[in-house]
Amino acid sequence: MPREPKKQEVEKEENIEKAEEIVEEKSKVVIPEGWKPKTTLGKKVFSGEVTDIAEVFAKGIKIAEPPIADVLIPNLEREIILIGGSTGKGGGIRRTPFKRTSRMHKSGRRYRISTMVVVGNKNGYVGLGLASGPPGKHQEVIEKATNKAKLNLIPVRRGCGSWECSCGANHSIPFSVKGKVGSIIVELLPAPKGIGLCVSDEVKKLMRLAGISDIWCKTRGSTHMRINLIKATFNALNKLNTYKIKPEFEKEVGMTIGKVE
Ligand SMILES: [Zn+2]
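Notes on the structure in this doc start here. (Residues numbered from 1 in each chain as written. Predicted model: local features only at pLDDT ≥ 70, side-chain atom pairs only at ≥ 80, totals over all residues.)

1. Regarding the sheet that holds strand β11 (residues 215-220)
- Taken in spatial order, the four strands make up an open sheet running β8-β9-β11-β10, and their pairing is mixed. Of all the strands in the sheet, just β8 (177-181) and β10 (197-198) have a single pairing partner and so form its edges.
- Across six bridges, strand β9 (residues 184-190) lies against β11 in antiparallel orientation. Within β11, the residue paired with V186 across the bridge is T219. (Pairing = 2+ DSSP bridges. Helix = DSSP H or I, 4+ residues; strand = E, 2+ residues; numbered from the N terminus.)

2. Some thoughts on the environment of S114
- One can find S114 in strand β5 (residues 108-120).
- Taking C-alpha positions, S114 is 7.6 Å from T101, a pair spaced 13 residues apart along the chain.
- With residues up to four places along the chain from it excluded, the contact list for S114 reads F98, K99, T101, L130, A131 and S132. (Contact = placed C-beta atoms within 7 Å.)

3. What about the nonpolar core?
- Of all hydrophobic cores here, the largest spans 54 residues; its most connected members are V118, V126, L206 and I215.
- Among the elements that make up this core, the one with the highest residue count is helix α7 (residues 226-239) (six residues).
- Discounting residues that sit within four places of it in the chain, I215 has contacts with S172, I173, L188, A191, L197, C198, V199 and M207. (Core = buried A, V, L, I, M, F, W, Y, C linked by C-beta atoms within 7 Å. Buried ≥ 20, exposed ≤ 12 C-beta atoms within 10 Å, placed from the backbone.)

This is the structure we're talking about:
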(Lines give C-alpha, C1' and ligand atoms only; values in the text may rest on other atoms or scores of the structure.)
Protein backbone atom coordinates (compact mmCIF):
# COMPACT_ATOMS: atom_id res chain seq x y z
CA MET A 1 0.00 0.00 0.00
CA PRO A 2 1.48 3.42 -0.96
CA ARG A 3 2.07 5.63 2.02
CA GLU A 4 -0.01 8.74 2.43
CA PRO A 5 1.94 11.87 1.50
CA LYS A 6 2.79 13.95 4.54
CA LYS A 7 1.02 17.25 4.94
CA GLN A 8 4.27 19.10 4.41
CA GLU A 9 4.91 17.40 1.07
CA VAL A 10 1.44 18.23 -0.17
CA GLU A 11 1.91 21.85 0.74
CA LYS A 12 5.25 21.97 -1.03
CA GLU A 13 3.78 20.65 -4.24
CA GLU A 14 0.98 23.16 -4.07
CA ASN A 15 3.52 25.91 -3.69
CA ILE A 16 5.41 24.75 -6.75
CA GLU A 17 2.21 24.74 -8.78
CA LYS A 18 1.41 28.24 -7.58
CA ALA A 19 4.87 29.46 -8.47
CA GLU A 20 4.55 27.97 -11.94
CA GLU A 21 1.24 29.71 -12.42
CA ILE A 22 2.76 33.04 -11.47
CA VAL A 23 5.72 32.54 -13.84
CA GLU A 24 3.36 31.62 -16.65
CA GLU A 25 1.21 34.65 -16.03
CA LYS A 26 4.23 36.92 -16.10
CA SER A 27 5.53 35.56 -19.37
CA LYS A 28 2.15 36.03 -21.01
CA VAL A 29 2.18 39.04 -23.26
CA VAL A 30 -0.83 41.21 -22.66
CA ILE A 31 -1.76 43.27 -25.69
CA PRO A 32 -3.53 46.45 -24.60
CA GLU A 33 -7.21 46.39 -25.48
CA GLY A 34 -8.21 48.01 -28.71
CA TRP A 35 -4.66 48.62 -29.88
CA LYS A 36 -4.33 48.84 -33.63
CA PRO A 37 -0.61 49.19 -34.36
CA LYS A 38 0.33 51.77 -36.95
CA THR A 39 4.13 51.70 -37.04
CA THR A 40 6.38 48.92 -38.32
CA LEU A 41 7.70 48.30 -34.81
CA GLY A 42 4.15 48.34 -33.42
CA LYS A 43 3.04 45.68 -35.92
CA LYS A 44 6.04 43.50 -35.13
CA VAL A 45 5.41 43.77 -31.38
CA PHE A 46 1.71 43.04 -31.93
CA SER A 47 2.46 39.91 -33.96
CA GLY A 48 5.08 38.74 -31.48
CA GLU A 49 7.95 39.08 -33.93
CA VAL A 50 9.70 41.53 -31.60
CA THR A 51 9.62 40.62 -27.91
CA ASP A 52 12.83 42.12 -26.57
CA ILE A 53 13.02 45.80 -25.66
CA ALA A 54 16.84 45.59 -25.53
CA GLU A 55 16.80 44.76 -29.24
CA VAL A 56 14.71 47.87 -29.94
CA PHE A 57 17.19 50.12 -28.13
CA ALA A 58 20.22 48.37 -29.62
CA LYS A 59 18.93 49.05 -33.11
CA GLY A 60 18.04 52.61 -32.18
CA ILE A 61 14.39 52.24 -33.21
CA LYS A 62 12.11 54.93 -31.87
CA ILE A 63 9.08 53.82 -29.88
CA ALA A 64 6.23 55.76 -31.45
CA GLU A 65 3.22 54.03 -29.85
CA PRO A 66 2.74 53.81 -26.06
CA PRO A 67 1.37 50.22 -26.10
CA ILE A 68 4.75 49.02 -27.41
CA ALA A 69 6.22 49.99 -24.05
CA ASP A 70 3.37 48.25 -22.18
CA VAL A 71 3.93 45.02 -24.08
CA LEU A 72 7.73 44.95 -24.05
CA ILE A 73 8.16 46.21 -20.49
CA PRO A 74 5.46 44.67 -18.33
CA ASN A 75 5.15 46.00 -14.77
CA LEU A 76 5.71 49.59 -15.78
CA GLU A 77 4.84 51.81 -12.84
CA ARG A 78 3.94 55.46 -12.83
CA GLU A 79 4.66 58.39 -10.54
CA ILE A 80 3.43 61.93 -10.88
CA ILE A 81 6.01 64.58 -10.15
CA LEU A 82 4.69 67.42 -8.02
CA ILE A 83 5.66 70.32 -10.24
CA GLY A 84 2.99 72.74 -9.12
CA GLY A 85 2.62 74.73 -5.97
CA SER A 86 0.03 76.86 -4.30
CA THR A 87 0.50 78.91 -1.20
CA GLY A 88 -1.23 76.91 1.48
CA LYS A 89 -2.47 77.98 4.87
CA GLY A 90 0.28 78.84 7.28
CA GLY A 91 2.56 80.33 4.69
CA GLY A 92 4.11 77.12 3.36
CA ILE A 93 3.87 76.02 -0.22
CA ARG A 94 1.73 72.99 -0.87
CA ARG A 95 3.14 70.98 -3.73
CA THR A 96 0.66 69.81 -6.28
CA PRO A 97 0.79 67.57 -9.36
CA PHE A 98 -0.35 70.36 -11.64
CA LYS A 99 1.33 73.57 -12.58
CA ARG A 100 -0.95 76.35 -13.71
CA THR A 101 0.46 78.54 -16.40
CA SER A 102 -1.14 81.66 -17.75
CA ARG A 103 -0.73 83.75 -20.85
CA MET A 104 -2.30 87.05 -21.66
CA HIS A 105 -5.17 87.28 -24.07
CA LYS A 106 -7.02 90.39 -25.17
CA SER A 107 -9.90 89.36 -22.96
CA GLY A 108 -7.75 88.60 -19.92
CA ARG A 109 -5.61 85.74 -18.69
CA ARG A 110 -5.90 82.29 -20.23
CA TYR A 111 -4.86 79.34 -18.10
CA ARG A 112 -3.49 75.92 -18.85
CA ILE A 113 -2.38 73.12 -16.55
CA SER A 114 0.66 70.95 -17.05
CA THR A 115 1.91 67.83 -15.34
CA MET A 116 4.97 65.62 -15.35
CA VAL A 117 4.97 61.84 -15.18
CA VAL A 118 7.74 59.26 -14.71
CA VAL A 119 7.26 55.65 -15.78
CA GLY A 120 9.68 52.85 -15.03
CA ASN A 121 10.00 49.16 -14.21
CA LYS A 122 12.37 49.69 -11.23
CA ASN A 123 14.88 47.61 -13.14
CA GLY A 124 16.72 49.88 -15.53
CA TYR A 125 14.03 51.32 -17.77
CA VAL A 126 12.66 54.77 -17.12
CA GLY A 127 10.81 57.43 -19.09
CA LEU A 128 9.79 61.03 -18.53
CA GLY A 129 6.80 62.87 -20.00
CA LEU A 130 5.44 66.39 -19.69
CA ALA A 131 2.02 67.39 -20.99
CA SER A 132 -0.39 70.25 -20.72
CA GLY A 133 -4.06 70.86 -21.36
CA PRO A 134 -6.99 73.08 -20.50
CA PRO A 135 -7.93 73.46 -16.83
CA GLY A 136 -10.34 70.84 -15.55
CA LYS A 137 -8.99 68.10 -17.82
CA HIS A 138 -6.75 66.68 -15.09
CA GLN A 139 -7.13 62.99 -15.90
CA GLU A 140 -6.59 63.57 -19.62
CA VAL A 141 -3.43 65.58 -18.99
CA ILE A 142 -2.04 62.83 -16.75
CA GLU A 143 -2.78 60.21 -19.40
CA LYS A 144 -1.15 62.36 -22.06
CA ALA A 145 1.98 62.79 -19.93
CA THR A 146 2.06 59.05 -19.16
CA ASN A 147 1.92 58.20 -22.85
CA LYS A 148 4.66 60.69 -23.59
CA ALA A 149 6.81 59.11 -20.86
CA LYS A 150 6.31 55.71 -22.51
CA LEU A 151 7.60 57.11 -25.80
CA ASN A 152 10.54 58.66 -24.00
CA LEU A 153 11.90 55.57 -22.28
CA ILE A 154 15.63 55.07 -21.81
CA PRO A 155 17.69 52.15 -20.60
CA VAL A 156 19.67 52.96 -17.48
CA ARG A 157 23.18 51.73 -16.93
CA ARG A 158 23.50 50.71 -13.32
CA GLY A 159 26.40 49.35 -11.31
CA CYS A 160 28.54 50.02 -8.29
CA GLY A 161 31.01 52.73 -9.22
CA SER A 162 31.61 53.66 -5.60
CA TRP A 163 35.18 52.95 -4.53
CA GLU A 164 34.09 52.83 -0.88
CA CYS A 165 31.72 50.00 -1.72
CA SER A 166 32.95 48.12 -4.82
CA CYS A 167 30.39 45.38 -4.26
CA GLY A 168 29.79 44.84 -7.96
CA ALA A 169 25.99 44.98 -7.64
CA ASN A 170 23.75 47.31 -9.63
CA HIS A 171 22.44 49.39 -6.69
CA SER A 172 23.95 52.67 -7.95
CA ILE A 173 25.46 54.04 -11.16
CA PRO A 174 28.76 52.89 -12.68
CA PHE A 175 30.40 56.34 -12.83
CA SER A 176 29.52 59.96 -12.19
CA VAL A 177 27.76 61.92 -14.86
CA LYS A 178 26.37 65.39 -15.45
CA GLY A 179 23.12 66.63 -16.98
CA LYS A 180 22.08 70.16 -17.84
CA VAL A 181 18.87 72.02 -18.58
CA GLY A 182 18.77 75.80 -18.65
CA SER A 183 20.83 77.08 -15.73
CA ILE A 184 20.57 73.82 -13.82
CA ILE A 185 23.46 71.38 -13.73
CA VAL A 186 22.95 68.06 -11.98
CA GLU A 187 25.85 65.80 -11.20
CA LEU A 188 25.05 62.25 -10.16
CA LEU A 189 27.68 60.30 -8.25
CA PRO A 190 27.84 56.62 -7.34
CA ALA A 191 27.17 56.00 -3.66
CA PRO A 192 27.92 52.99 -1.46
CA LYS A 193 25.21 50.51 -0.54
CA GLY A 194 22.88 51.68 2.22
CA ILE A 195 23.40 55.40 1.64
CA GLY A 196 19.98 55.71 0.02
CA LEU A 197 18.84 58.37 -2.40
CA CYS A 198 20.50 61.63 -1.45
CA VAL A 199 18.37 63.73 -3.76
CA SER A 200 15.22 65.83 -3.41
CA ASP A 201 11.88 64.06 -2.97
CA GLU A 202 10.71 64.49 -6.54
CA VAL A 203 14.04 63.29 -7.96
CA LYS A 204 13.73 60.23 -5.69
CA LYS A 205 10.69 59.12 -7.68
CA LEU A 206 12.76 59.10 -10.85
CA MET A 207 15.57 57.13 -9.20
CA ARG A 208 13.22 54.58 -7.65
CA LEU A 209 11.49 53.85 -10.93
CA ALA A 210 14.87 53.57 -12.67
CA GLY A 211 15.89 50.95 -10.11
CA ILE A 212 18.66 52.93 -8.42
CA SER A 213 18.76 52.68 -4.63
CA ASP A 214 21.91 54.60 -3.68
CA ILE A 215 23.09 57.85 -5.19
CA TRP A 216 24.73 61.15 -4.39
CA CYS A 217 23.86 64.33 -6.21
CA LYS A 218 25.36 67.79 -6.61
CA THR A 219 23.26 70.53 -8.15
CA ARG A 220 23.92 74.04 -9.37
CA GLY A 221 21.51 76.70 -10.55
CA SER A 222 17.86 77.42 -9.76
CA THR A 223 16.96 73.97 -8.48
CA HIS A 224 13.58 75.22 -7.23
CA MET A 225 12.51 74.97 -10.87
CA ARG A 226 11.38 71.41 -10.41
CA ILE A 227 10.54 70.71 -14.05
CA ASN A 228 14.06 71.57 -15.16
CA LEU A 229 15.64 69.82 -12.17
CA ILE A 230 13.92 66.55 -13.10
CA LYS A 231 14.73 67.02 -16.77
CA ALA A 232 18.41 67.65 -15.99
CA THR A 233 18.53 64.53 -13.80
CA PHE A 234 16.89 62.48 -16.55
CA ASN A 235 19.41 63.87 -19.04
CA ALA A 236 22.23 62.84 -16.70
CA LEU A 237 20.89 59.27 -16.54
CA ASN A 238 20.59 59.22 -20.32
CA LYS A 239 24.13 60.51 -20.66
CA LEU A 240 25.39 57.33 -18.95
CA ASN A 241 24.46 55.60 -22.21
CA THR A 242 26.69 57.79 -24.35
CA TYR A 243 30.01 56.62 -22.94
CA LYS A 244 32.04 53.83 -24.51
CA ILE A 245 32.93 51.40 -21.77
CA LYS A 246 35.72 48.88 -21.64
CA PRO A 247 34.64 45.32 -20.82
CA GLU A 248 37.07 45.21 -17.86
CA PHE A 249 35.45 48.27 -16.31
CA GLU A 250 31.99 46.90 -16.98
CA LYS A 251 32.93 43.77 -15.06
CA GLU A 252 34.57 45.68 -12.24
CA VAL A 253 31.50 47.80 -11.48
CA GLY A 254 29.03 45.02 -12.28
CA MET A 255 27.31 47.12 -14.88
CA THR A 256 23.87 46.18 -16.15
CA ILE A 257 21.65 47.88 -18.70
CA GLY A 258 17.86 47.82 -18.37
CA LYS A 259 16.31 44.48 -17.54
CA VAL A 260 12.88 43.01 -18.05
CA GLU A 261 11.93 40.16 -15.73
ZN1 LIG B 1 28.23 48.67 -4.10
